[in-house]
Every structure is written in structure tokens, then in C-alpha cells.
Amino acid sequence: MDGGTSSKRRVGAPGEGQSSCKRQNATMGMDTLDCPVCFHPLRPPIYQCSVGHFVCSSCRPKLVRNKCHLCSAETTFKRCLGMERLMESVTVACSNANYGCAQKLTYYQREEHEDACPSAPCFCPASSCSFAGPIDALLEHSASQHKWPCTTIKYSEDVKFCLEPGLHFLRIKDREIFLLNVALEPFGHAISVVCIQPKATNSKFKCRMSYGSFLTDYYQISVYKIRSSSLSDGLPKGYNLILPKDEIANNGKVTLLTFSIDDPNPKVKVREPICLKPVRGV
Ligand SMILES: [Zn+2]
Ligand SMILES: [Zn+2]
Ligand SMILES: [Zn+2]
Ligand SMILES: [Zn+2]
């Protein structure tokens, strides 16, 4: 709960819906502030049965024949303004406070905030390093501690990289950050790309990678959806492109990998290809 005591004092008791300026640290079992049906934090409007058992506004219409989920009494659920006032007054710190977030939120707003908290941590991919921090701090750390390069790129722009083992950060200006990993395995070069973000979400980025060599007369292209990760489990285990050892000219030292990320929100819509149907009887 929120700490500190305000210097302002209100005269008289605050009315319904107003928060008191008297604040004090306290400990409480936070699960008492959760809906006993869905276990999510209670948020106004909050209802109670005739005995006083709480239920949230989402769960109330789902109760069969208006039977209380705890005492089974058939009842008329009424608003509980006292509990609503309590829920408005309980403030908690964001769980990313250690990473620099100073937000104080009502208990029921915390989860929503943390889903998009700009201070939520991503993790250093070096197996021997325990650094975790907001994405910009991770980039600074990667450059200063590990000397991993970071290149700013644009969506849908072809970028060429030397095919050398190591990590390479790619940043879309003021937006997403990706990590390109080229690993040298016994069977050849194995390449993966991951979008670094605190919350893993369904991928909205498509990546194209290609490699070609006139010397070995070999060409390979790979198009795939990029996964997202906070790197809390280290680098992704799978690879998106594997170049067999025998097909890489000059051991890969001067050969180039062409790489691009499609714009997830293109201004010009890509037209669907026209599907030609066979004409019968011709
Ligand atoms: Zn509920
Ligand atoms: Zn009840
Ligand atoms: Zn936060
Ligand atoms: Zn590190």
C-alpha cells in the first residue's frame, strides 16, 4: 500500500467516492481484495449478496438464478459502496519499481498498467550476465559491457550483414528492437531473430532473410514470423535460417546475409494476388 502521510488534513469525514488524505502504510492479505469467483481484483461497481459476500460486476450476471456463490442463498445483489471506496483508496507500487517505475496505482489498475509499463525489464542474453532493465537500459548495457553492435534500420529496407557469428541488435527508429543471432554450429551457420519486448505477444512482424553465393551456386531465402521475448530464458532455442557448412563461400567471412522486416502497418496495402480459375469447356 502507499506509504507516507500527506501534510494536508481534511476537515470532517470525506463523502462517498472521495478519498481521504490521511494515508498510512499497512499490510493486508491482498487476496481479500479479489473477486472470489474470477480471482481478479474487485473494481467498481462491486456487488454483494444479502449476507455481504462480494462479487465483481462481470461475474454477477453469470451466477445461476442469482444464487450467491458462497452462501448459495437466492438473493438480490446490491452495490457495496463501502467496498468500492476501499478499492479506490488502496494504492500499490508497480512491480517494476526496482527498474525505475514510480507509478502508484489502485490495486485493480496495477495489472493493466504493468502490461504496458515502459520500465518492465528485458534481460541480457549473455548466459553469464544477470543484467535486467528497461529496453533502453539493456541497449546501453549491451553496447558498454558486451560491445554488441546496434544498427538502426527501417521497415521493408534490405540490410546486408557479414555472416559472422555473434549478436547484433537492430532498432527500428524509436520503435521495436530486434536481436539477430548468428551461431556457428557443426553443420553450418544457424541464424535467428527475436523481437525484444517485456511481454511476449503474438507476432506481428514478418522477416525475410536470404543468402546467395555465385561461388557455390547456392541460394536460400527464408520468410517467417518473428517471435517476441524478454530474453528471460536466454536466446531463442530454434533457428530461422540454416546455411549448410559446405555452401558458405570463404567460410562466411566476407559473405553477406540480406535481411529485412516487413512494415506491420504498411501505408500502401499490398494487393492480394489475383487467382486465375481454369475455364471449363475451352
Ligand atoms: Zn469476478
Ligand atoms: Zn452470500
Ligand atoms: Zn510501471
Ligand atoms: Zn550483460
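Up top is the structure.
Residues take numbers from 1 onward in each chain, read along the sequence in its written order. In the order they appear in the text, chains get letters beginning with A and ligands get numbers beginning with 1. A pLDDT threshold of at least 70 governs which residues receive local features in this predicted model, and a stricter bar of 80 or more applies before side-chain atom pairs are shown or counted, although totals over entire chains, interfaces and linings include all residues. The side-chain numbers reported here are obtained from all heavy atoms of the structure, hydrogens and water having been left aside.

1. A look at the packing of aromatic side chains
Line of reasoning, step 1. Pairing of aromatic rings covers Phe, Tyr and the six-membered ring of Trp, with a centre-to-centre limit of 6.5 Å; geometry is then stacked below 30 degrees between planes, edge-to-face above 60, and tilted otherwise. All chains considered together, the criterion is met by five aromatic pairs.
Line of reasoning, step 2. One aromatic cluster in this structure is built from Y155, F178 and F205.
Line of reasoning, step 3. Cation over ring: R60 sits above Y47, and NZ or CZ is 4.2 Å from the ring centre. Cation placement over rings: the criterion is NZ of Lys or CZ of Arg within 6 Å of the ring centroid and within 35° of the ring normal.

2. Observations concerning the side chain of S142
Line of reasoning, step 1. Relative to the helices and strands, S142 is located in helix α3 (residues 135-146).
Line of reasoning, step 2. Two residues form a contact once any of their heavy atoms are found within 4.5 Å. With sequence-adjacent residues up to four places away left out, S142 is seen in contact with K147, W148 and F169. Helix numbers and strand numbers start at the N terminus; a helix is a DSSP run of H or I with at least 4 residues, a strand a run of E with at least 2.

3. Description of the sheet that holds strand β14 (residues 218-225)
Line of reasoning, step 1. For two strands to be treated as a pair, DSSP must find at least two bridges joining them. In space, the four strands of this open sheet follow the order β9-β17-β13-β14, with antiparallel pairing throughout. Each edge of the open sheet carries a strand with a single partner, namely β9 (159-162) and β14. Neighbouring strand axes in the sheet, compared pairwise and without regard to direction, differ in orientation by 20 degrees on average.
Line of reasoning, step 2. Pairing geometry for strand β13 (residues 206-213) and β14, over eight bridges, is antiparallel. Residue pairing for β14: Y211 is matched across the bridge by Q220. Angles here are taken between N-to-C directions and fall from 0 to 180 degrees, while the axes themselves are lines fitted to C-alpha atoms, restricted in helices to the stretch in contact.

4. Section: the coordination of the zinc ion (ligand 1)
The reference angle at a metal is 109.5 degrees if four donors form a tetrahedron and 90 or 180 degrees if six donors form an octahedron.
Line of reasoning, step 1. Surrounding the zinc ion (ligand 1) are the protein donor atoms C35 (SG), C38 (SG), C56 (SG) and C59 (SG), which sit 2.3 Å from the metal.
Line of reasoning, step 2. The donor set comprises N, O and S atoms within 2.8 Å of the metal, extended to 3.2 Å for Na, K and Ca; water molecules are omitted, so apparent gaps in a site may simply reflect that omission. When the donors of the zinc ion (ligand 1) are listed by position in the chain, the intervening gaps give C-x2-C-x17-C-x2-C. Of this pair, C35 sits in the segment before β1 (46-48) while C56 sits in strand β2 (residues 54-56), placing them 21 residues apart in sequence.
Line of reasoning, step 3. Overall, C56 belongs to the buried group, its relative accessible area being 7%. A simple rule labels every residue: compare its accessible area, found with a 1.4 Å probe on the protein chains alone, to the largest value its type can have, and call it buried under 20%, exposed over 50%, or partly exposed in between.

5. As for unusual backbone geometry
Line of reasoning, step 1. Across the junction of P44 and P45, the peptide omega takes the value 0 degrees, indicating a cis bond.
Line of reasoning, step 2. Phi is positive for S72, close to 65 degrees, though the residue is something other than glycine.
Line of reasoning, step 3. Secondary-structure assignment places S72 in the loop between β2 and β3 (78-79).
Line of reasoning, step 4. Not every positive phi belongs to a glycine, and L231 is a case in point at roughly 65 degrees.
Line of reasoning, step 5. With respect to the helices, strands and loops of the structure, L231 is situated in the loop between β15 (227-229) and β16 (241-244).

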